[in-house]
Amino acid sequence: MKTTPASIAARLSLIATAGLLGACSSMGPAPMAFSQSSLPDPIKVPPGNRLAWETTGSGEITYECRDKAGMPGQAEWVFVGPKAVLTDRAGKAVGSYYGPPATWEALDGSKLTATQLAVAPAGAGNLPYQLVKANPASGSGALVGVTYIQRVALKGGVAPATECNAAKRGQRETVAYQADYLFWKAL
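Computed from a predicted structure; not experimentally measured. (Residues numbered from 1 in each chain as written. Predicted model: local features only at pLDDT ≥ 70, side-chain atom pairs only at ≥ 80, totals over all residues. Heavy atoms only, no water.)

Turning our eyes to something else, we now look at unusual backbone geometry. Here the residue pair G99 and P100 is connected by a cis peptide bond, since its omega of 0 degrees sits within 30 degrees of zero. By the element assignment, P100 lies in the loop between β3 (93–98) and β4 (103–106). Residue P101 is reached from P100 by a cis peptide bond, and omega for that bond is -10 degrees. You can see P101 is positioned in the loop between β3 and β4. A positive phi angle is found at A153, which is not glycine, with a value near 50 degrees. (Helix = DSSP H or I, 4+ residues; strand = E, 2+ residues; numbered from the N terminus.)

Structure (structure tokens):
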């Protein structure tokens with residue numbers, strides 16, 4: 001078979017097309033536009049922001065049995081802090097969530113804390129929906145420029161069902177939870 005400039009060009013075009021198709025298929029499905037319409041109004045992100053990163057946090061929340069504020073002789077389970085692994089939609093670990101203070105840290109080294117703006121009920125047995133305003137991120141990476149974070153799609157995480165009383169003061173218990181964390185950036 002004789003190699004001509006036209007046959008070389010045809011082969012190169014075929015190789016380039018195959019490479020481009022392979023690269024596109026490795027990107028996964030195109031992300032769907034996220035709709036906040038089903039979320040309670042208090043936790044909706046204001047206009048002028050776009051969804052930049054979606055993660056699922058799976059882990060545990062620690063509670064401690066402490067004296068109930070302003071109620072001598074009574075005790076209650078008090079939120080101590082979260083510890084979770086953040087994964088992308090394909091299930092690959094992309095960061096962590098821990099506290100206090102509530103801190104999101106991406107594997108790329110970027111990290112931020114945030115201030116709670118609103119919560120709304122998310123169903124019996126589940127932590128509430130939450131909207132937080134992000135503080136400026138440190139490092140460089142996925143969390144730089146994040147303006148808001150929403151906690152949605154909640155499963156579990158509420159205080160233990162076991163009794164908290166004077167005999168248990170100071171004891172800690174952990175409960176499992178899962179939530180989606182949606183990171184938003186300004187347009």
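That covers the picture; the talk isn't over yet.
A few words on the nonpolar core. Counting residues in each nonpolar core, the largest one holds 38 residues, and the members touching the most others are W104 and Y181. Residue assignment for this core shows that the elements contributing at least two residues are β1 (49–67), β2 (75–87), β3, β4, β5 (111–120), β6 (129–134), β7 (146–156) and β8 (172–186). Considering every element that reaches this core, the biggest residue donor is β8, with 7 residues. Filtering out sequence-adjacent residues up to four positions away, Y181 remains in contact with W53, E54, T55, G57, L86, Y97, W104, I149, Q150 and R151. (Core = buried A, V, L, I, M, F, W, Y, C linked by side-chain atoms within 4.5 Å. Buried < 20%, exposed > 50% of the residue type's maximum accessible area, 1.4 Å probe, protein only. Contact = heavy atoms within 4.5 Å.)

This part is about the side chain of N49. The topology assignment puts N49 in strand β1. The exposure class assigned to N49 is buried, which follows from its relative accessible area of 15%. A polar contact of 3.0 Å, which involves the side chain of N49, links it to the backbone oxygen of P46. A distance of 2.7 Å separates a polar atom in the side chain of N49 from a polar atom in the side chain of T147. Those residues in contact with N49 that lie beyond four places of it in its chain are T147, Y148, W184, K185, A186 and L187. (Polar contact = N/O pair within 3.5 Å; in protein donor to acceptor, adjacent residues only side chain to side chain.)

For the rest of this paragraph, the subject is the confidence of the model for the protein chain. The predicted coordinates of low-pLDDT regions are not to be read in fine detail. Looking at the protein chain as a whole, its pLDDT mean stands at 86, while 82% of the residues score no less than 70. The model gives residues 3–32 a pLDDT under 50, and that stretch makes 3 contacts with residues more than four places away or in other chains. (pLDDT = per-residue confidence, 0-100.)

To continue, consider the pattern of salt bridges. The tally for this structure, following the rule as stated, stands at 6 salt bridges. Across the salt bridge formed by E64 and R172, the nearest N and O atoms sit 2.8 Å from each other. One end of the pair, E64, is in strand β1; the other, R172, is in strand β8, and 108 residues separate them in sequence. Measuring nitrogen to oxygen at the nearest pair gives 2.1 Å for the salt bridge that ties D67 to R169. Here D67 is found in strand β1, whereas its partner R169 is found in the loop between β7 and β8, with 102 residues between them in sequence. Overlapping salt bridges bring together E54, R89 and D180 as one network. (Salt bridge = Lys/Arg side-chain N within 4 Å of Asp/Glu carboxyl O.)

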